[in-house]
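Topology and contacts: notes
Spelled out, the chains give:
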Amino acid sequence: MSDFQRSLSVRLSRRGYQNAQSKDAEAGFFSPTRLHTDYTMKKIWKAGFLRLLLVGGIVWMLLILFALLFHVWSCQSSLSFFSAICNKEGRLYVMLDTIGFVPKPQHRCPIPVAYDPDKVLLPSGKTADTIVRNLTYITEDESSNSQFPLFGGNISWSQREESFQLKPEMKVHCGFMPGGGAEMSSLDKEYVKKCRFVVATGIFDAYDEPHQPSNISERSKNLFCFVMVVDEVSLDFLSKNTTVRKDVQGGKWVGIWRLVLLKTPPYDEPRRNGKVPKILTHRLFPEAQYSIWIDGKMELIVDPLLILERYLWRGKHTFTIAQHKHHRNIYEEADACKRRKRYARPLVDLHMKIYRYEGLEPWSIKKSTVSDVPEGAVIIREHTAMNNLFSCLWFNEVHLLTPRDQLSFGYVVYRLKGAFKVFMFQNCEYNSLFELHPHIREHSSKIEWVKSLKELKGKGESLRESRGGFGLWTPYPGDLDSVELPKVVRTSKAG
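What comes next concerns the included structure. Because the structure is a prediction, the values reported are computed rather than measured. (Residues numbered from 1 in each chain as written. Predicted model: local features only at pLDDT ≥ 70, side-chain atom pairs only at ≥ 80, totals over all residues. Heavy atoms only, no water.)

**Let's talk about the overall build of the protein**
Of regular secondary structure, the protein possesses 17 helices and 13 strands. Sequence-distant contacts, at least 24 apart, represent 83% of the contacts inside the protein between residues at least 6 apart. On the protein, roughly 26,600 Å² of surface is accessible, and the fraction owed to carbon and sulfur atoms is 56%. (Helix = DSSP H or I, 4+ residues; strand = E, 2+ residues; numbered from the N terminus. Contact = heavy atoms within 4.5 Å. Areas by Shrake-Rupley, 256 points an atom, 1.4 Å probe, with all protein chains shown as cover.)

Encoded structure:
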């Protein structure tokens, strides 16, 4: 019995100890001390995790900023290793692009326009002309080597150089030489003289079809002249394929657009003809104070009064144009023109050699302009004397050299040495102002396929333009053979 009693006593004592342990454990789990300790630890861990996330985010942003700054610097570097980072075809660029260090350009972005055209206040007066106060135009050349009058005149190299010397009173070539073509009927002349606010577009060589603007307020319909400039080929195309109506005076209309015919094309090359209304808008509309030019492929989707308020009046600008989507460097744009066969390759090179000889450096972040290459499909301007002079000089470059106006824009800005002020807005806003439509047919001329100057000699002389680009064949007063064009690092496959 004693052994049995002892065994039973041991079992009972063990069971009592285990029960006591379980009760103590339950009491400890729910005790205030245990709960307070766990809460404190969780709070510390949570705070530490948040700090870790914050520090990690800051480090990541600093890495992205450093990569972007390094990318911008490398684009301007003369070392081929670093400049390769700028090249989208290079492995370094692809690597940075893959990990998200290369920003993707937006196609469209919001534009901060006013919401109501009826509440936009018109300026009370014109912008004062402080540098060039009076601008007149040459209408007769002293001498000419041409067999017939040239629309842009027979501009000598010395006259061209003098036109960049700013004076209060200036007289320059600016197209519309008598007998040079692009004549308007007396009916159309009377109509355009009445225009103070203008939205202008153009179709040449039946290259586009008309696109009617949308979201236009009644106020803008009454305030603006909506004018479509056409040549005879395009007018014939429109008459056969769209509804052209006549008003009581005999003016022709397609929807909201008043058609204005330029008789006798001034140039052989349709692309060069299209630059007449685009650049010389102030000559076509001599009484206009403000104008918005849009290419024929564009459909305007924002009220023009809101455009003037946003891009001119709000920032006190007088000339506004969009930045090119892909290029800032004129020499890179020229390389793209050659690749895409926009004009004869050797003549584009000659064009660029003239600019390089005259001191035009490739664009860099050190320049005062955000870009040297515009997206020329839209031009918003006040017709001041300085802006009109700039337009004349820009057109003279197009008349003398290649018709690629994007190559000439930055050069004329450079020659005017800061006296001409231009606001260049980001390209994604440009895509929010318009809908882009494809051309209805492909345009091509034989000179665009020329690869060497030999092809333009002998029997190939017939490929030369007979009315434009004479500066490319006139002896230049400088040694262009010694000019080495800047090396182009292609930052885009497009453009």
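**Comments concerning the sheet that holds strand β7 (residues 257–261)**
Strand order in this open sheet of 9 strands is β5-β6-β7-β4-β3-β8-β11-β10-β12, and the pairing throughout is mixed. One side of each edge strand has no neighbouring strand; the edge strands of this open sheet are β5 (245–246) and β12 (423–425). Strand direction decides the pairing type here: strand β4 (residues 224–230) and β7, joined by 4 bridges, are parallel. By the bridge assignment for β7, valine 229 is matched with valine 260. On the sheet, helix α6 (residues 186–193) packs against β4, β6 (252–254) and β7 and is oriented at approximately 130° with respect to β7. Relative to the sheet, helix α8 (residues 232–241) contacts β3 (197–203), β4, β6 and β7, its axis offset from that of β4 by approximately 105°. (Pairing = 2+ DSSP bridges. Axes fitted to C-alpha atoms, helices over the stretch in contact; angles between N-to-C directions.)

**Thoughts on the pairing of β7**
Within β7, 5 of the 5 residues are buried, which leaves it mostly tucked inside the rest of the structure. Of the two faces of β7, the one carrying Trp257, Leu259 and Leu261 and the one carrying Arg258 and Val260 are both buried. Pairing of β6 with β7, which is carried by 2 bridges, proceeds in the antiparallel orientation. Bridge pairing in β7 places tryptophan 253 opposite arginine 258. (Buried < 20%, exposed > 50% of the residue type's maximum accessible area, 1.4 Å probe, protein only.)

**A short note on unusual backbone geometry**
Of note in this structure, alanine 206 is not a glycine but carries a positive phi near 50°. As for its placement among the helices and strands, alanine 206 is situated in the loop between β3 and α7 (218–223). Even without being glycine, lysine 417 reaches a positive phi, approximately 55°. Relative to the helices and strands, lysine 417 resides in the loop between α16 (405–415) and β12. Given the relative accessible area of 75%, lysine 417 is considered exposed.

**Notes on the environment of valine 348**
On the secondary structure map, valine 348 appears in helix α14 (residues 345–357). Those residues within four positions of valine 348 in sequence are excluded, and the remaining contacts are Ala334, Lys338, Tyr343, Thr402 and Leu407.

**With respect to the packing of helix α13 (residues 330–339) against α14**
The contact between α13 and α14 brings their axes to 9 Å, and the two run at 170°. By the angle between their axes, α13 is roughly antiparallel relative to α14. Contacts between α13 and α14 pair Ile330, Tyr331, Ala334 and Lys338 from the former with Arg345, Val348, Asp349, Met352, Tyr355 and Arg356 from the latter. (Parallel < 35°, antiparallel > 145°, perpendicular 65-115°, else oblique.)

**Digging into the environment of leucine 312**
Here leucine 312 is to be found in helix α12 (residues 304–313). For the pair leucine 312 and glutamate 382, spaced 70 residues apart in sequence, the C-alpha separation works out to 7.9 Å. Those residues in contact with leucine 312, other than ones at most four positions away along the chain, are Tyr290, Ile307, His317, Thr318, Phe319, Thr320, Ile380, Arg381 and Glu382.

**Quick look at the nonpolar core**
Grouped together as the largest cluster of nonpolar side chains are 72 residues, with contacts concentrated most on Leu262, Phe285, Tyr355, Leu389, Phe390, Trp394 and Val412. Ranked by residue count, the leading element in this core is helix α15 (residues 385–400), at 10 residues. With sequence-adjacent residues up to four places away left out, tyrosine 355 is seen in contact with Arg160, Tyr331, Leu360, Glu397, Leu401, Leu407, Ser408 and Tyr411. Val230, Leu261, Leu306 and Trp313 belong to the second largest nonpolar core, which has 38 residues in total. (Core = buried A, V, L, I, M, F, W, Y, C linked by side-chain atoms within 4.5 Å.)

**Some words on the packing of aromatic side chains**
Per the stated rule, a full pass over the model turns up 24 aromatic pairs. Here a set of aromatic residues connected by ring pairs shows up, and it is made of Phe197, Phe224, Phe226, Trp257, Tyr290 and Trp313. Here the guanidinium or amino end of arginine 272 rests over the ring plane of tyrosine 267, the centre of that ring lying 5.8 Å away. Lying across the ring of tyrosine 311, arginine 310 places its NZ or CZ 4.6 Å from the centre. (Phe/Tyr/Trp six-rings, centres within 6.5 Å; stacked < 30°, edge-to-face > 60°. Lys NZ or Arg CZ within 6 Å of the ring centre and 35° of its normal.)

**Remarks on α8**
Among the residues making up α8, those that are buried are Ser234, Leu235 and Leu238. Buried residues of α8, viewed axially, fall in a sector of 100°; they line one side. Turned more than 90 degrees from where α8 packs its buried face, Lys240 and Asn241 sit exposed. Residues of α8 that are buried sit in contact with β3, β4, β6 and β7. (Arc of directions from axis to C-beta.)

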